Each structure stands twice: as structure tokens, then as C-alpha cells.
Amino acid sequence: MKLLHIDSSILGDNSASRQLSTEVVKAWQAAEPSAVVTYRDLAADAISHFSSTTLVAAGTTAELRNAAQQHEAELSANTLAEFIAADAIVVAAPMYNFTVPTQLKAWIDRIAVAGQTFRYTEAGPEGLCGGKKVIIVSTSGGIHAGQASGVAHEDYLKLVFGFLGITDIEIVRAEGLAYGEEVRNNAMSAAHARISEQLFAAA
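If you're wondering where the values come from, they're calculated on a predicted model, not measured in any experiment.

Quick notes on the rules
- Every chain's residues receive numbers from 1 upward, in the order its sequence appears when written.
- With pLDDT at 70 or above as the cut-off, local features in this predicted model cover only qualifying residues; side-chain atom pairs require 80 or more to be listed or tallied, and sums for whole chains, interfaces and linings still use all residues.
- Each side-chain value is worked out from all heavy atoms of the structure, with water and hydrogens disregarded.
- A 1.4 Å probe rolled over the protein chains alone gives each residue an accessible area, and that area as a share of the maximum for its type sets the label: buried under 20%, exposed over 50%, partly exposed in between.
- Put simply, DSSP marks the helices as runs of H or I at least four residues long and the strands as runs of E at least two long, and each gets a number from the N terminus on.
- Only strands joined by at least two bridges in the DSSP assignment are considered to pair.
- We call a crossover right-handed when, viewed with the strands running away from us, the connection from the first strand over the helix to the second turns clockwise.
- In this scheme, a helix's expected span is set at 1.5 Å multiplied by one less than its residue total.
- The directions from the helix axis to the C-beta atoms are what the arc is built from.
- Contacts between residues were defined by any pair of non-hydrogen atoms, one from each residue, lying within 4.5 Å.
- Pairs of N or O atoms are called polar contacts if they sit within 3.5 Å, as long as, within protein, a hydrogen donor faces a hydrogen acceptor (for residues adjacent in sequence, only side-chain-to-side-chain pairs).

A. Summary view of the pairing of strand β1 (residues 2-7). In terms of residue burial, β1 counts as a mostly covered element, since five of its six residues are buried. When β1 meets strand β2 (residues 36-41), the two strands line up parallel, connected through six bridges. Counted as the bridge partner of I6 is R40 from β2. With helix α1 (residues 16-31) bridging β1 and its parallel neighbour β2, the resulting β-α-β unit is right-handed. Taken together, the four bridges between β1 and strand β3 (residues 88-94) define a ladder with parallel strand orientation. The residue bridging L3 from the neighbouring strand is A88, located in β3.

See the structure below:
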């Protein structure tokens, strides 16, 4: 099994989402020792945002691309290939200003590709990535899950992956992390228990 591990927090070792996503991956490896993990740190090695250069590069043959266009084309191709090859994806998604980090959005823009991960038909859009499993590690300073303030965070990610045809989506959540030490500790403990007692309990 190929497992793709995505981190997007800018907080380094102080990041709750990084701590939890690492724990998910380690638990997965313990359950499936043969799993091959590919790691992408979107904060340390940021993907450039979707731009006109990206679009021009996609529509220009390789021999006619300039250096910037070639870079964009290779970045898009490599990011997409990495995602398509994965059987499962662990996505660490802290909430920044009521949505996902801009670094994570840039990655999403590279994997949502018509004709590759989804297509339009006469009956409407069809996802082409069925069979993959996604675990979203959702963290936030406030309490947002199930509320209007959380629509552009967890709900957005579930919508995106669902649009790509992925229906096997799990959430590991730690919220209220800025509400004081007791609330933070309880939230992290609940997330740890979710990982060890529910996601991989049968392994």
C-alpha cells in the first residue's frame, strides 16, 4: 500500500496537526508494515499557487515552454502523479482564518484536474479517484465543526475529496486548542484515542 502524508501547518514542531498526522501515519504503519510512505511538507516546500503561467504551461508543448513554464508543468505533473499513485492520504489541515492553509489549497489546485481525477459527463461531474482512503487531521483554535464557521474547513475538504470520487473519509479532530490548557489537553487526548482506539482498533 502507498500512503501519502501531507502536512501544511506553518508552526513546525509546535503544530498540533503535525503531531497528530505523524501519529496517524505511525499507527497506519504499525497496522500495515508493508505500507510505503511518501511525505510532502507544504509549508517547508511550498507549491506555487495556480496562476496564468500554470495554465499556459499546461497548454504548451514541452519543447516550446520557457523555464518558468517547464517548472510549472513538472510541478503539476509530479504532484498529480504522487496523489494518483497513493492508495491512502493523510492530510493535516489546521484552520487558518476559517479555512484551510493557503499552502494546502495550492496542493488541491494541482490534484483537481479535469480528465485525470474527475471528469464532466452528460449526467454531471464524475470523480475518478474512487477506492482511495483519506484521513483528515482537523485542528482549530476555536470550536467550528458542524457550524457555519467550519464550512470552509472540514466540509470543504470532504466536498473536494468527494468530488474526486473518494467516499472513504475519516476525520481526526482536535478543536478548541486556544481555549486554555485543560480544553487543549482534552481535545488532544480525544484525538489520540480516536487514532488508537477507533481508526486502527481492528488491526
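B. Seen up close, helix α3 (residues 67-85). With 19 residues, α3 ought to run about 27 Å at 1.5 Å a step, and its terminal C-alpha atoms sit 27 Å apart, in line with that. Residues Q69, E72, A73, L75, S76, T79, L80 and F83 constitute the buried set of α3. End-on view of α3: buried residues confined to an arc of 160°, all on one side of the axis. Facing away from the buried side of α3 by more than 90 degrees, the exposed set consists of A67 and N78. Looking at the buried residues of α3, the elements they touch are β1, β2, α2 (52-58), β3, α4 (102-111) and α5 (151-163). Between a side-chain oxygen at the N-terminus of α3 and the backbone nitrogen of A68 the separation is 3.2 Å; the capping residue is N66.

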